[in-house]
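# Understanding the architecture of this molecule
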Amino acid sequence: MRRATRAFAAVLGLALPGRVLAQGTAAIPAEAVVVTVGMAVTTLRDLGFGSVVTGVSTTVQPVAAGAGAWQVSGNPNAFASITFTLPTELTNIQALPGSTMPIAFGAGAALWRRATNDPAGATPFDPATGATGRFGPPPNPNLYIWVGGTVSPAVTAKPGIYQGTIVVSLSYL
Amino acid sequence: MRNVSKLTLAALVLAFGVTTLQAQTNSANITATATVQTPINVVGAQQLNFGNVFPGVNKSVAATDLTNGGRFDVTGQASAPVSVSFTLPATLASGANTMPIDTYTGVHADNAAQTGGVAFNPVSGASPTLSASGELFVWVGARAVPATNQAQGVYTASIIMTVVY
């Protein structure tokens, strides 16, 4: 009887690894975010280039203190599309009409980040094409956005304050 | 006593002699054959992602949706037929709240681009064949059915796939 048991155990010992190898299993999560809360967009800071020199381009990086910044409050964990309406020039509000300054936005000129109001470590994206962002989890269901840019004043640019409007739009996907 | 012992010894020698003679004249060979197959490895490569859903508005993700469809990657014995089966949740959960998930769809293909993919019903499973390089890719889609008063939250559940030779 003892020998029979040992023999059976030996057979099992050979057979079990074979069964394990003949089968594979894995799991994936299925996930959905139920959205019931609207959004509110707040401008935290304008994009400011400060004083610029004629004939010299000036760039403000999106992580810089002069970058434009918004805070968007919305549904926790929800996904949202982020798009911009970007100006191509700034207008001198102190000079005669027609006095403008080109402004451009590079492929990495915008950033977004969930929950945390710090551009260091945020996700870069091209403001011209937009991105899909995500709101933070409770208790901080916010989405932060930053934008930089480059102005290129002509050598003949007139002195004065040049302004333009950058519009950011968000919608739940 | 001594005679008995001698007799016994003689009998033993005779017996061994006969046995030895039989072993030499009655021999045969058989071939033991075992085919070693590559172990099946299944990886959950991508979650089934519904993204945002709104109360009272059903949302479907197709199995052909390479971005949001759930995907499993299988490797194993080249060109081997396999059986694929699933454990499919009926609801997604967010804490104590639940939301139905139904209308599962599936596609399997021998490439990650889903070229030449074959549709199947995950409820009944499938019997595909691993590619010549031993690969199989399986996508799963489904429909989330939020109630009109569905509570806010992130709802999740696990989809389990099992593959056997």
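About the criteria used
Residues numbered from 1 in each chain as written. Chains lettered and ligands numbered in written order. Predicted model: local features only at pLDDT ≥ 70, side-chain atom pairs only at ≥ 80, totals over all residues. Heavy atoms only, no water. Helix = DSSP H or I, 4+ residues; strand = E, 2+ residues; numbered from the N terminus. Buried < 20%, exposed > 50% of the residue type's maximum accessible area, 1.4 Å probe, protein only. Contact = heavy atoms within 4.5 Å. Pairing = 2+ DSSP bridges. pLDDT = per-residue confidence, 0-100. Buried area = accessible area lost by both parts, 1.4 Å probe. Salt bridge = Lys/Arg side-chain N within 4 Å of Asp/Glu carboxyl O. Polar contact = N/O pair within 3.5 Å; in protein donor to acceptor, adjacent residues only side chain to side chain. Core = buried A, V, L, I, M, F, W, Y, C linked by side-chain atoms within 4.5 Å. Axes fitted to C-alpha atoms, helices over the stretch in contact; angles between N-to-C directions.

## Describing the overall build of chain A
Looking only at helices and strands, one finds one helix and 14 strands in chain A. With 173 residues in all, chain A has 38% of them scored as buried. In chain A, once contacts between residues fewer than 6 apart in sequence are set aside, the share between residues at least 24 apart is 76%.

## Remarks on the sheet that holds strand β6 (residues 89–92) of chain A
Backbone hydrogen bonds hold the strands of a sheet together, and the pairing may be parallel or antiparallel. Residues and elements named next belong to chain A. One open sheet holds the five strands; their spatial order is β3-β12-β7-β6-β13, and the pairing between them is antiparallel. Every interior strand has two partners, whereas the edge strands, β3 (58–60) and β13 (162–163), have only one. Sheet topology note: the β3/strand β12 (residues 149–151) ladder contains three bridges and is antiparallel. Among the inter-strand pairings, Thr-58 is bridged to a residue of β12, identified as Val-151.

## Re the confidence of the model for chain A
Per-residue confidence for chain A averages 89 on the pLDDT scale, and 88% of its residues sit at or above 70. Predicted confidence is poor over residues 1–20 of chain A, with pLDDT under 50, and the contacts of this stretch with residues over four places away or in other chains come to one contact.

## Topic: the environment of Val-140 of chain B
Residues and elements named next belong to chain B. One can find Val-140 in strand β9 (residues 135–144). Residues Val-140 and Pro-81, spaced 59 residues apart in sequence, show a C-alpha to C-alpha distance of 20 Å. Filtering out sequence-adjacent residues up to four positions away, Val-140 remains in contact with Leu-48, Ala-63, Gly-69, Gly-70, Phe-72, Phe-86, Tyr-104, Thr-105 and Ile-159.

## Some remarks on the interface of chain A and chain B
Between chain A and chain B, the contact holds 25 residues from the first and 39 residues from the second. Taking both partners together, chain A and chain B bury about 2600 Å²; carbon and sulfur atoms supply 57% of that area. On the chain A side of the contact with chain B, Ile-28, Glu-31 and Val-34 of chain A bury the most area, a combined 28% of that side's loss. Linking chain A with chain B are zero salt bridges. Put simply, chain A and chain B have 17 residue pairs in polar contact (both at pLDDT 80 or more) between them. Residue contributions to the side of chain A that touches chain B peak at twelve residues, all from strand β1 (residues 23–34) of chain A.

## With respect to unusual backbone geometry
In this model, Pro-138 of chain A is joined to Pro-139 of chain A through a cis peptide bond whose omega is 10°. By the element assignment, Pro-139 of chain A lies in the loop between β10 (131–134) and β11 (142–147). Unusually for a residue other than glycine, Ser-79 of chain B sits at a positive phi of about 65°. With respect to the element layout, Ser-79 of chain B can be found in the loop between β4 (70–75) and β5 (83–87). Here Thr-103 of chain B, not a glycine, exhibits a phi torsion of approximately 50°, which is positive. Locating Thr-103 of chain B in the fold gives a position in strand β7 (residues 97–109). Accessibility expressed as a relative area gives 48% for Thr-103 of chain B, which makes it partly exposed.

## What about the nonpolar core?
Counting residues in each nonpolar core, the largest one holds 33 residues, and the members touching the most others are Phe-50, Phe-72, Phe-86, Leu-92, Ile-159 and Met-161 of chain B. Elements supplying a minimum of two residues to this core: β1 of chain A together with β2 (48–53), β4, β5, β7, β9 and β10 (153–164) of chain B. Ranked by size, the runner-up nonpolar core spans 32 residues in total, among them Val-60, Phe-105, Leu-170 and Tyr-172 of chain A.

## Quick word on the pattern of salt bridges
Residues and elements named next belong to chain A. Counting across every chain of the model gives three salt bridges over all chains. With a shortest N-O distance of 3.3 Å, Arg-134 and Glu-31 are connected by a salt bridge. Placement of Arg-134 in strand β10 and of Glu-31 in strand β1 is noted, with a sequence separation of 103 residues between them. The burial state of Arg-134 is the same as that of Glu-31; both residues are buried.

## A look at the confidence of the model for chain B
Residues and elements named next belong to chain B. The share of residues in chain B with pLDDT of 70 or more is 85%, and the mean pLDDT across the chain is 88. Scored below 50 in pLDDT, residues 1–22 shows zero contacts in the model against residues more than four places distant or in partner chains. The complex model carries a pTM of 0.77, and its ipTM stands at 0.78.

## Notes on the sheet that holds β10 of chain A
Residue and element names in this part refer to chain A. In spatial order, the strands read β10-β5-β14; together these three strands make up an open sheet with antiparallel pairing. At either end of the open sheet lies a strand with only one pairing partner, and these are β10 and β14 (167–172). Within the sheet, the average angular offset between the axes of one strand and its neighbour, ignoring direction, is 35°.

## Here we look at the pairing of strand β7 (residues 100–104) of chain A
Residue and element names in this part refer to chain A. Of the two faces of β7, the one holding Met-101 and Ile-103 is buried and the one holding Thr-100, Pro-102 and Ala-104 is not buried anywhere. The pairing of β6 with β7 spans three bridges and is antiparallel. Following the sheet pairing, Leu-90 is matched in β7 by Met-101.

## Points about the side chain of Thr-162 of chain B
Mapped onto the elements of the fold, Thr-162 of chain B is located in strand β10. With relative accessibility at 19%, the residue Thr-162 of chain B sits in the buried group. A polar contact of 3.1 Å, which involves the side chain of Thr-162 of chain B, links it to the side chain of Thr-25 of chain A. Those residues in contact with Thr-162 of chain B, other than ones at most four positions away along the chain, are Gln-23, Gly-24 and Thr-25 of chain A together with Ser-83, Val-84 and Ser-85 of chain B.

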